Amino acid sequence: MKIGIFGGGQLGRMMALAAYPFNLSFSFYESAANCPSAPLGEVIGDKEASKASLDAFLASADVFTYEFENIPVAWVEHIAQHKPVYPSVKSLAVSQNRLNEKQLFAKLGIPAAAYHQVCSQADLQQAVDTLGLPLVVKTTMGGYDGKGQFVIRQAEQVAQAWSELQAGAPLIAEAFIQFNRELSIIAVRAQDGETRCYPLAWNTHHQGILSHSVVPAPQVDAATQAQAEQYITAILHELNHVGVLTLEMFQTDQGLYANETAPRVHNSGHWSIEGAICSQFENHMRAVAGLPLGSTQELRPSAMINIIGQHPKTSDILAIPEAHLHLYGKTERVGRKLGHITVTADCLDTLNTRIQQIAAVLPNKMAL
């Protein structure tokens with residue numbers, strides 16, 4: 001079987017690496033010939049995303065998936081008319097639009113921030129009057145790692161927020177949630193409807209970009225894990241989703257609030273490569289290929305640390321016990337994810353010590 005992947009970045013690369021032992025092969029729809037996935041399969045595409053290139057991609061594989069959600073639904077619909085695409089067009093259409101996500105949460109009874117759709121500066125002012133301040137304003141489409149967002153803290157900032165984001169209209173304005181920490185849960189659903197969930201991850205961000213994740217999230221009781229599993233399982237079945245899905249949440253004194261979904265493998269799940277019996281990447285490929293799912297059980301306390309902007313010295317990372325270095329073949333650039341480090345330990349205290357050892361040798365000395 002040959003699998004076509006929309007996108008040739010690091011997520012596509014890691015999916016292919018996970019599934020090569022199954023004798024699967026890959027093609028990637030990507031305009032950059034030197035993308036991170038290039039060594040692992042045929043790269044098809046052009047900067048114009050022409051119909052000819054899309055048809056060549058269609059002919060290149062038996063079944064299709066994607067590594068990110070910011071792709072035109074029309075591309076996926078074109079493929080789906082001829083060959084299987086997992087996850088479905090419905091999953092993509094919901095996850096790439098924040099208004100659709102909020103409507104899905106409401107339909108399934110999953111708590112989320114109150115929100116208003118914003119199509120004009122007057123709409124934004126009404127959202128401030130109704131929802132109060134601070135107010136988080138986001139583009140409904142696109143936006144990642146803190147981009148496409150504005151937090152209004154004073155009424156005088158309404159005009160500035162609209163000016164900066166109006167090109168992405170319609171926007172969504174969300175009531176600010178006072179939360180204790182950010183958590184995410186990753187689950188996978190097979191073609192026959194079987195679902196399996198990974199343990200909750202505790203996520204910490206730096207300047208809008210995920211800094212590191214710790215799994216299992218410390219001080220999470222069984223009821224919280226069960227609540228998260230109930231939410232994500234409901235979403236999986238409602239969307240008839242096949243493959244991995246991620247649900248990002250806020251943990252508050254009143255319980256878990258959904259923030260957003262990602263219909264794909266996720267940065268907060270990279271720990272699973274060394275920290276789980278079956279990684280998120282392997283399980284996604286198993287689901288897409290119609291194979292039995294693997295165990296999502298964690299093996300040891302684990303952490304994932306993103307490498308952002310500058311590469312560390314390889315020997316410094318590998319000198320730290322149970323640390324594993326994953327580089328993506330990217331050139332250095334401010335704010336760019338160049339790779340990640342996974343580290344495991346026999347207990348959380350030792351894990352935290354190793355996280356600090358890693359932080360000390362990262363070039364940008366990111367606080368972890």
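Here is a short report on the structure shown in this document. As the structure is a computational prediction, the values presented were derived from the model and not from experiment.

## Section: the overall build of the chain
Right, so step 1: A count of helices and strands for the chain gives twelve helices and 17 strands.
Right, so step 2: On C-alpha atoms alone, the chain measures out to a radius of gyration of 20 Å, which is about the 21 Å that the 2.2 N^0.38 rule sets for 368 residues.
Right, so step 3: Its C-alpha atoms give the chain principal-axis dimensions of about 55 × 55 × 40 Å.
Right, so step 4: Burial analysis of the chain (368 residues in total) assigns 52% to the buried set.

## Brief notes about the sheet that holds strand 3 (residues 42-44)
Pairing between sheet strands relies on hydrogen bonds along the backbone, with the strands arranged either parallel or antiparallel.
Right, so step 1: Spatial ordering of the open sheet is given by 3-2-1-4, a layout of four strands whose pairing is parallel. Here the strands that pair on one side only, and so sit at the sheet edges, are strand 3 and strand 4 (63-66). In this sheet, neighbouring strand axes are inclined to one another by 25° on average, regardless of whether the strands run parallel or antiparallel.
Right, so step 2: Sheet topology places strand 1 (residues 2-6) next to strand 2 (residues 25-29); five bridges connect them, and they run parallel.

## Let's talk about the packing of aromatic side chains
Right, so step 1: Following the criterion strictly, the structure yields ten aromatic pairs and no others.
Right, so step 2: Aromatic side chains Phe6 and Phe57 sit 5.0 Å apart centroid to centroid with 70° between the ring planes, which places their arrangement in the edge-to-face category. Of this pair, Phe6 sits in strand 1 while Phe57 sits in helix 2 (residues 51-59); the two residues are 51 residues apart in sequence, bridging distant segments of the chain. Each member of the pair Phe6 and Phe57 is classed as buried.
Right, so step 3: Here Phe6 and Trp75 contribute two aromatic rings whose centre-to-centre distance is 6.3 Å and whose plane-to-plane angle is 20°, an arrangement assigned as stacked. Here the residue Phe6 occupies a position in strand 1, and Trp75 occupies one in helix 3 (residues 73-80), the gap between them amounting to 69 residues.
Right, so step 4: Residue classification places Trp75 among the partly exposed residues on the basis of a relative accessible area of 22%.

## Some words on helix 1 (residues 10-19)
Right, so step 1: Most of helix 1 is tucked away, with nine of its ten residues classed as buried.
Right, so step 2: Within helix 1 the residues assigned to the buried category are Gln10, Leu11, Gly12, Arg13, Met14, Met15, Ala16, Ala18 and Ala19.

## Structural notes on the side chain of Lys138
Right, so step 1: For Lys138, the position within the fold is in strand 6 (residues 135-139).
Right, so step 2: Exposure remark for Lys138: the relative accessible area of 6% places this residue in the buried category.
Right, so step 3: Within the structure, Lys138 has its side chain in polar contact with the side chain of Asn259 (distance 3.4 Å).
Right, so step 4: Non-local contacts of Lys138, meaning those with residues more than four positions away in its chain, are made with Arg98, Gly148, Gln149, Leu165, Leu171, Ile172, Glu174 and Asn259.

## Remarks on the nonpolar core
Right, so step 1: Counting 33 residues, the largest nonpolar core has Ile3, Phe26 and Phe281 as its most contacted members.
Right, so step 2: Only strand 1, helix 1, strand 2, strand 9 (181-189), strand 12 (209-215) and helix 10 (280-289) provide two or more residues apiece to this core.
Right, so step 3: Tallying contributions element by element places helix 1 first for this core, with six residues.
Right, so step 4: Discounting residues that sit within four places of it in the chain, Phe281 has contacts with Leu11, Met14, Met15, Ala18, Val265, His270 and Ile273.

## Looking at the sheet that holds strand 6
Right, so step 1: In space, the four strands of this open sheet follow the order 5-8-6-7, with antiparallel pairing throughout. Two strands in the sheet have a free side with no partner beyond their single neighbour: strand 5 (115-118) and strand 7 (149-152). Strand-to-strand twist in this sheet, taken as the mean axis angle between neighbours without regard to direction, amounts to 20°.
Right, so step 2: Where strand 5 meets strand 8 (residues 171-175), four bridges bridge the pair, whose relative direction is antiparallel.

## A few points about the pattern of salt bridges
Right, so step 1: This structure, assessed with the given rule, holds eleven salt bridges.
Right, so step 2: Here Lys2 ties to Glu42 by a salt bridge, and the two come within 3.4 Å at their closest N and O atoms. Pair noted here: Lys2 is in strand 1 and Glu42 is in strand 3, with a separation of 40 residues, a long-range link.
Right, so step 3: The exposure class assigned to Glu42 is partly exposed, which follows from its relative accessible area of 41%.
Right, so step 4: In this structure, Glu282 engages Arg286 in a salt bridge whose closest nitrogen and oxygen atoms are separated by 2.8 Å. In this pair, Glu282 and Arg286 both sit in helix 10, four residues apart, roughly one turn of the helix. Of the two residues examined, Glu282 and Arg286, each falls in the buried class.
Right, so step 5: Connected via shared salt-bridge partners are Lys102, Lys138 and Glu174.

## Some points on the environment of Ser213
Right, so step 1: Looking at the secondary structure, you find Ser213 in strand 12.
Right, so step 2: For Ser213 and Trp202, which are eleven residues apart along the polypeptide, the C-alpha to C-alpha distance reads 5.4 Å.
Right, so step 3: Those residues within four positions of Ser213 in sequence are excluded, and the remaining contacts are Ala201, Trp202, Asn203, Ser268, Ser302, Ala303 and Met304.
Right, so step 4: Of note is the side chain of Ser213, whose polar atom sits 2.7 Å from the side chain of Asn203.

Criteria and cut-off values
Residues numbered from 1 in each chain as written. Predicted model: local features only at pLDDT ≥ 70, side-chain atom pairs only at ≥ 80, totals over all residues. Heavy atoms only, no water. Helix = DSSP H or I, 4+ residues; strand = E, 2+ residues; numbered from the N terminus. Rg over C-alpha atoms; globule rule 2.2 N^0.38 Å. Buried < 20%, exposed > 50% of the residue type's maximum accessible area, 1.4 Å probe, protein only. Pairing = 2+ DSSP bridges. Axes fitted to C-alpha atoms, helices over the stretch in contact; angles between N-to-C directions. Phe/Tyr/Trp six-rings, centres within 6.5 Å; stacked < 30°, edge-to-face > 60°. Polar contact = N/O pair within 3.5 Å; in protein donor to acceptor, adjacent residues only side chain to side chain. Contact = heavy atoms within 4.5 Å. Core = buried A, V, L, I, M, F, W, Y, C linked by side-chain atoms within 4.5 Å. Salt bridge = Lys/Arg side-chain N within 4 Å of Asp/Glu carboxyl O.

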